[in-house]
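Survey of secondary and tertiary structure
The chain contents come next:
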Amino acid sequence: MSSNIVILGAGYGGLLTAINIRKFINKEQAQVTVINQYPTHQLITELHRLAARSISEQAIAMPLEKLFKGKDINLKIAKVESFSVDQKEVKLSDGSSLTYDVLVVALGSKTAYFGIPGLEENSMVLKSAEDANKVYSHIEERISEYATTKNEADATILIGGGGLTGVELVGEIADIMPSLTAKYGVDPKEVKLLLVEAGPKILPVLSDALIERATESLKSRGVQFLTGLPVTNVDGNVVDLKDGQKIVANTFVWTGGVQGNPLVGQSGLEVNRGRATVNEYLQSTSHSDVFVVGDSAVLFGPDGRPYAPTAQYAWQMGEQTGYNIYAYLEDKSLKEFSPVNSGTLASLGRKDAVASIGSNSIPLKGFPASAMKEASHIRYVSHIKAMYSLAY
Ligand code: NAD
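These numbers come from a predicted model, not from an experiment. The residue count restarts for each chain, going from 1 along the sequence in the order it is written. The predicted nature of this model means local features are confined to residues of pLDDT at least 70 and side-chain atom pairs, given and counted, to a pLDDT of 80 or more, with totals for whole chains, interfaces and linings taken over all residues. The side-chain values count all of the structure's non-hydrogen atoms but skip hydrogen atoms and water molecules.

**Regarding the overall build of the protein**
- Where helices and strands are cited, they refer to DSSP runs of H or I of at least four residues and of E of at least two residues respectively, numbered from the N terminus. A count of helical and extended segments in the protein gives 10 helices and 25 strands.
- A principal-axis box enclosing the C-alpha atoms of the protein has dimensions of 70 × 45 × 40 Å.
- In this scheme, a residue with accessible area under 20% of its type's maximum is buried, one over 50% is exposed, and one in between is partly exposed, where area comes from a 1.4 Å probe on protein chains only. A burial count over the protein gives 52% of its 392 residues as buried.
- Two residues qualify as a contact provided that any one of their heavy atoms is within 4.5 Å of a heavy atom in the partner residue. Here the analysis covers contacts within the protein between residues at least 6 apart in sequence; of these, 66% occur between residues at least 24 apart.
- Summed over its atoms, the accessible surface of the protein is roughly 17,600 Å², and 49% of this surface lies on carbon and sulfur atoms.
- When charges are tallied, Lys and Arg are placed among the positive residues and Asp and Glu among the negative ones, while His and the ends of the chain are skipped. Charged groups are reduced to one reference atom each: NZ for lysine, CZ for arginine, CG for aspartic acid, CD for glutamic acid. Here the protein carries 37 positive and 42 negative side-chain charges, and the mean point of each set is 5 Å from the other. Accessible areas in this description were obtained via Shrake-Rupley with a 1.4 Å probe; residue shielding takes into account the shown protein chains only.

**As for the site of the ligand**
- Proximity is defined per residue: any heavy atom of the residue falling within 4 Å of a molecule or strand makes that residue near it. In the vicinity of the ligand there are 22 residues, among which T165, E197, A198, V231 and L345 approach most closely.
- Distance and chemistry together define a polar contact, namely a pair of N or O atoms within 3.5 Å, with one atom able to donate a hydrogen and the other to accept it when in protein, and with adjacent residues in sequence counting only for side-chain atoms on both sides. In the model, a nitrogen atom of the ligand is placed 3.4 Å from a nitrogen or oxygen of the E168 side chain.
- A distance of 3.0 Å separates a nitrogen atom of the ligand from a polar atom in the backbone of A198.
- Mapped onto the shell around the ligand, the elements with two or more residues apiece are helix 6 (164-183) and strand 12 (192-197).
- Ranked by residues supplied to the shell around the ligand, first place goes to helix 6 with three residues.

**Brief notes about a nonpolar patch on the surface**
- Patches here are clusters of residues that have more than 30% relative accessible area and form no salt bridge, with a 9 Å joining cutoff for like charges and a 5 Å cutoff for nonpolar side chains (Val, Leu, Ile, Met, Phe, Trp, Tyr). Definition used for salt bridges: Asp or Glu carboxyl oxygen within 4 Å of a side-chain nitrogen of Lys or Arg. A contiguous nonpolar patch, built from I378, M387 and L390 and spanning about 230 Å² of accessible area, is present on the exposed surface.
- Turning to its location among the elements, I378 is positioned in helix 10 (residues 367-383).
- Taking the relative accessible area as the measure of exposure, I378 reaches 33% and is therefore partly exposed.

**Some thoughts on the pattern of salt bridges**
- Counting across every chain of the model gives 13 salt bridges.
- In this structure, D175 and R221 form a salt bridge, with 2.8 Å as the shortest nitrogen-oxygen distance. Note that D175 is positioned in helix 6 and R221 in the loop between helix 7 (208-219) and strand 13 (223-227), a separation of 46 residues in sequence.
- Exposure remark for R221: the relative accessible area of 26% places this residue in the partly exposed category.
- Between R213 and D352 there is a salt bridge, and its shortest N-O distance comes to 2.8 Å. Remark: D352 occurs in the loop between strand 23 (343-347) and strand 24 (353-357) and R213 occurs in helix 7; sequence separation between them is 139 residues.
- Residue classification places D352 among the buried positions, given a relative accessible area of 11%.
- Residues joined by salt bridges that share partners form a network here, namely E46, R49 and E374.

**Quick notes on the pairing of strand 13**
- With five bridges joining them, strand 12 and strand 13 adopt parallel strand pairing. Within strand 13, the position partnered with V196 by the bridge is L226.
- We call a crossover right-handed when, viewed with the strands running away from us, the connection from the first strand over the helix to the second turns clockwise. With respect to chirality, the unit in which strand 12 leads through helix 7 into the neighbouring parallel strand 13 is right-handed. When DSSP finds at least two bridges between two strands, those strands are taken to pair.

**Remarks on helix 9 (residues 311-329)**
- For helix 9, with 19 residues, the first-to-last C-alpha span of 27 Å sits near the 27 Å given by 1.5 Å per residue.
- Downstream of helix 9 by one or two residues, D331 has phi in the positive range, about 60 degrees. In this scheme, a helix's expected span is set at 1.5 Å multiplied by one less than its residue total.

**Focus: the nonpolar core**
- Residues belong to one nonpolar core when they are buried, are Ala, Val, Leu, Ile, Met, Phe, Trp, Tyr or Cys, and are joined through side-chain atoms within 4.5 Å. Residues F83 and L103 are the most contacted members of the largest nonpolar core, which totals 105 residues.
- Leave out the neighbours within four places in its chain, and F83 touches L8, E89, V90, L103, V105, L107, L263, V264, Q266, S267 and L269.

**Remarks on the side chain of E172**
- Mapped onto the secondary structure, E172 falls in helix 6.
- For E172, which is buried and forms no salt bridge, the nearest opposite charge comes from R350, at a distance of 4.5 Å.
- Aside from chain neighbours lying at most four places away, what touches E172 is H48, R49, A52, S54, S347, G349 and R350.

In structure tokens:
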């Protein structure tokens, strides 16, 4: 009898699950349906480049229809409104609902606001191509406005959070400032590009030597760092920091962290801080007919710490789940997930990067790190057979 597999989300985890399933299960054995809110697969690790127009949208948002062509995958573009793992039901924004034999939850994460008053209402984020386009248009608009008004707030750009997202974004913005200010006849020295970080240092996942290298590189292009200073309140364009400072910025992008998708917490799945707990086969610890991949899942490594919510793990989880669903349906042994950590690559704008490669944390900086980052992008698009995106 044919099974019904439903995959929620077509980010790294969901896409790779769908593609890999079809290597083991044909359309007579199972129907595969993927639900995604956008018609594209978006490379969210590259959004900072779109936010500075260093890359075009087609390069990082690939039509799902094209990626699934010839794979017998049903694609439905809709938002998941809710799902219940006890009732085995998924409700969609278009009013329809679906049931399943096997469910894959790959709904990613949401921006975390930590209950900071005014933050969500008064900041932009970088979670989709739409968000990235909005950041770019907003910055351009403010710089153009500044040219006539000389209102300092229009020339103040604040990034909240000095993790990888915030640092990669500030690097790209720093690189476009000379041409953007020239376009509107603004003196680039009048633009304030600030990054505020609650912790004592930016990029805490990297070694001190690489952090210093990243800081110097960005400072030389005009970025000012405010470290050890949590954002405590936001009121309109006024951002309060813990020491009492107030920053008046008409551009404020919040990259202060991520949290599990709330739909996962409401689904009846067992969760830990809003992310579904899974066993070594990536099956929900409470519902064996539900697999959870990427940022929606929390999986603890041998050291007892959760794996970071990164694209490289989401990708590997998706591949593994593609096989494990086949094994689950055919009553074969499932494979344990044993992720490979290829390291951390942080771009610092168009021409610079720092990286810590592999399990030995080999440090790289400058061109070799930038080349590695580009190679990792090419490796991914080649893997999903989307090399055409490199033409954009
Ligand atoms: P993050 O949680 O890694 O970083 C957020 C930063 O914001 C932290 O340094 C935190 O101290 C700071 N922060 C939190 N509250 C604050 C406050 N009130 N005021 C000021 N600063 C505050 O989030 P991220 O950078 O979005 O990354 C999320 C995940 O995605 C991570 O696992 C990361 O490794 C991964 N990621 C990887 C890449 C890459 O590999 N190049 C790029 C982007 C994201």
